[in-house]
Amino acid sequence: MTAPVSVPAPTPAPVVSVKPVVLEAPDRGEDLRVRVSAPVTGTGLPIVLLSHGFGSSLDGYGPLADFWAAHGFVVVQPTHLDSRTVGLAQGDPRTPRLWRFRVEDMKRVLDGLDVLEAAVPGLGGRTDRSRVAAAGHSFGGQTAGNLLGLRVMDPVSGRSEDLSDARVKAGVLLATAGKGGADLTPYAAEHFPFMNPDFTHMTTQALVVAGDRDDSPLSVRGPEWLTDPYVLSPGGESLLTLFGAEHSLGGIAGHEVRETTDENPERVALVQRVTLAYLRHALGLGEADWTAVREALADGASPLGRIESK
């Protein structure tokens, strides 16, 4: 099924995907396992680092990773330490700093692009490392946001550091948590003390995607909470609000995965089309598709969502 957005989709290219590519990480406790997906043709390919939600892995988010790769992007998916595939023991001493290990994973990917590129047959010399974006869903949205300038008060050190990375030129934050403090439920405040983002320094341009029925059990504010990364950040350039969408935004985490409670292929197709158009816009690859999706949602008789921009 196609999204109700009257924008011609470019013909998808065949994709090659290699996993796991292993990056050595002696200070992490175990090496970083990564999946790399890329179109088999084309040069000057931009790069997207895709950070998974809590518990997922490099095997998740096929609806986004495969789509972006088929339309001209190299998509890199690290498996963070909170993944169910890692299986950290209860009480593991790394647990309080999982949020920070995630950011370090993303930077390790950027530092290891030579290794990752060499691991994919035929990819050598075909990437454009001046065009890099970071994307993430849920916990992954905060991870990507850290590279854009979002700051977190580390519950271990008590410090709030700038972890942004100048190599990252744009972001896509999907169903990403809002402010902490009084906005959190008691459970979230107790179990996720790192969920206290400061958006005032998040200056790198970003698209925020939120569902208007994503009533998170972590916040007392309801779905509006998920719009904070747009409302409160200088770099929150645009907001895509999906009507009727819950936390999985129709199923972006994977096909028929158990976390999806609002499965809707048309909604997923809309997310695919809008995020692709935004990435091309934000990385300087063309404005036509971004203009077209904005106009289509503004003019649609019964759209699945709306886009607003600052």
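Anyway, here's the lowdown on the structure attached to this text. Quantities reported herein were computed from a predicted structural model and do not represent experimental measurements.

## Comments concerning the pattern of salt bridges
Summed over all chains, the structure comprises 23 salt bridges. In this structure, Arg28 and Asp105 form a salt bridge, with 2.7 Å as the shortest nitrogen-oxygen distance. A residue pair is termed long-range when its members are at least 10 positions apart, and Arg28 in the loop between β1 (15-23) and β2 (32-39) and Asp105 in helix α2 (residues 98-111) qualify at 77 residues. Both residues of the pair, Arg28 and Asp105, belong to the buried class. A salt bridge links Asp82 to Arg102, with the nearest nitrogen and oxygen atoms 2.7 Å apart. Placement of the pair is Asp82 in the loop between β4 (74-78) and α2 and Arg102 in helix α2, with a sequence separation of 20 residues. Judged on exposure class, the residue Asp82 and its partner Arg102 are both buried.

## Regarding the pairing of β4
Burial within β4 is extensive, with five of its five residues counted as buried. Neither face of β4 is exposed, since Val74, Val76 and Pro78 on one face and Val75 and Gln77 on the opposite face are all buried. Summarising the sheet, β2 and β4 pair through four bridges and their orientation is antiparallel. In the strand pairing of β4, Val34 is matched with Pro78. In this sheet, β4 lies alongside strand β3 (residues 45-51) in parallel orientation, the contact comprising three bridges. Considered in β4, the bridge of Ile47 is made with Val74. Running through helix α1 (residues 62-70), the crossover from β3 to the neighbouring parallel element β4 is right-handed.

## Some points on the nonpolar core
If you look at the biggest cluster of nonpolar residues, it comprises 46 residues, and the most contacted ones within it are Val34, Val36, Val74, Val109 and Leu116. Counting residues per element, this core draws most heavily on α2, which supplies five residues. When near neighbours in sequence (up to four residues on either side) are disregarded, Val36 contacts Val16, Ser17, Val18, Val21, Val74, Val75, Leu116, Val120 and Leu123. Residues Leu50, Phe67, Leu242 and Leu304 belong to the second largest nonpolar core, which totals 38 residues.

## Re the packing of aromatic side chains
Counted by the stated rule, this structure contains five aromatic pairs. Judged by centre distance (6.1 Å) and plane angle (70 degrees), the ring pair of Phe192 and Phe194 falls under edge-to-face. Residue class for Phe194 comes out buried when judged on its relative accessible area of 7%. Between the NZ or CZ atom of Arg102 and the centre of the ring of Phe139, over which it lies, the distance is 4.1 Å. Over the ring of Tyr230 we find Lys310, and its NZ or CZ is 4.9 Å from the ring centre.

## Points about the side chain of Thr275
Of note, Thr275 is situated in helix α7 (residues 265-282). On the basis of relative accessibility, which here comes to 0%, the residue Thr275 falls in the buried class. Leaving out residues up to four positions away in the same chain, Thr275 has contacts with Leu64, Trp68, Val172, Leu174 and Leu207.

## Some thoughts on the layout of surface pockets
The probe, sized like a water molecule, is rolled over the atoms to show the empty space still left. Size it by volume and the largest pocket reaches roughly 790 Å³. Lining the largest pocket are 32 residues, and of these Gly53, Phe54, His137, Ser138 and His247 lie nearest its centre. Taken together, the residues that form the lining of the largest pocket break down as 14 nonpolar, 13 polar and five charged. Considering only enclosed or pocket space, the second largest pocket measures out at about 360 Å³ in volume.

The rules behind the values
Per chain, residues are indexed from 1 in the order of the written sequence. Reporting in this predicted model follows two pLDDT cut-offs: at least 70 for local features of residues, and 80 or more for side-chain atom pairs to be given and counted; totals over whole chains, interfaces and linings ignore these cut-offs and use all residues. Hydrogens are left out, water is left out, and the side-chain values use all remaining heavy atoms of the structure. A pair is scored as a salt bridge if a Lys or Arg side-chain nitrogen falls within 4 Å of a carboxyl oxygen belonging to Asp or Glu. Secondary structure follows DSSP: runs of H or I at least 4 residues long count as helices, runs of E at least 2 residues long count as strands, and numbering of each begins at the N terminus. Under the scheme applied here, a residue whose accessible area is under 20% of the maximum for its type counts as buried, over 50% as exposed, and between as partly exposed, the area being computed with a 1.4 Å probe on protein chains only. Between any two strands, at least two bridges found by DSSP are needed for them to pair. Seen with its strands pointing away from the viewer, a crossover is right-handed when the path leading from the first strand over the helix to the second is clockwise. Buried residues of nine kinds, namely Ala, Val, Leu, Ile, Met, Phe, Trp, Tyr and Cys, make up a nonpolar core once their side-chain atoms join them within 4.5 Å. By definition, residues are in contact when any of their heavy atoms lie within 4.5 Å. Under the pairing criterion, centres of Phe, Tyr and Trp rings, with the six-membered ring standing for Trp, must be within 6.5 Å; the plane angle then separates stacked pairs below 30 degrees from edge-to-face pairs above 60, leaving the rest tilted. Whether a charge sits over a ring comes down to the Lys NZ or Arg CZ being within 6 Å of the ring centre and within 35 degrees of the ring normal. For cavity detection a 1 Å grid was placed over the protein atoms alone, and a set of points counts as a cavity when a 1.4 Å probe fits there but cannot get out; an open set counts as a pocket when protein lies on both sides within 12 Å along at least five of seven lines, with lining residues being those that have an atom within 4 Å of a point. Grid points are joined across faces, edges and corners, and a volume is the space filled by probe spheres set on the points. Under the grouping applied here, Gly and all other residues not named as nonpolar or charged are polar, the nonpolar ones being Ala, Val, Leu, Ile, Met, Phe, Trp, Tyr, Cys and Pro and the charged ones Asp, Glu, Lys and Arg.

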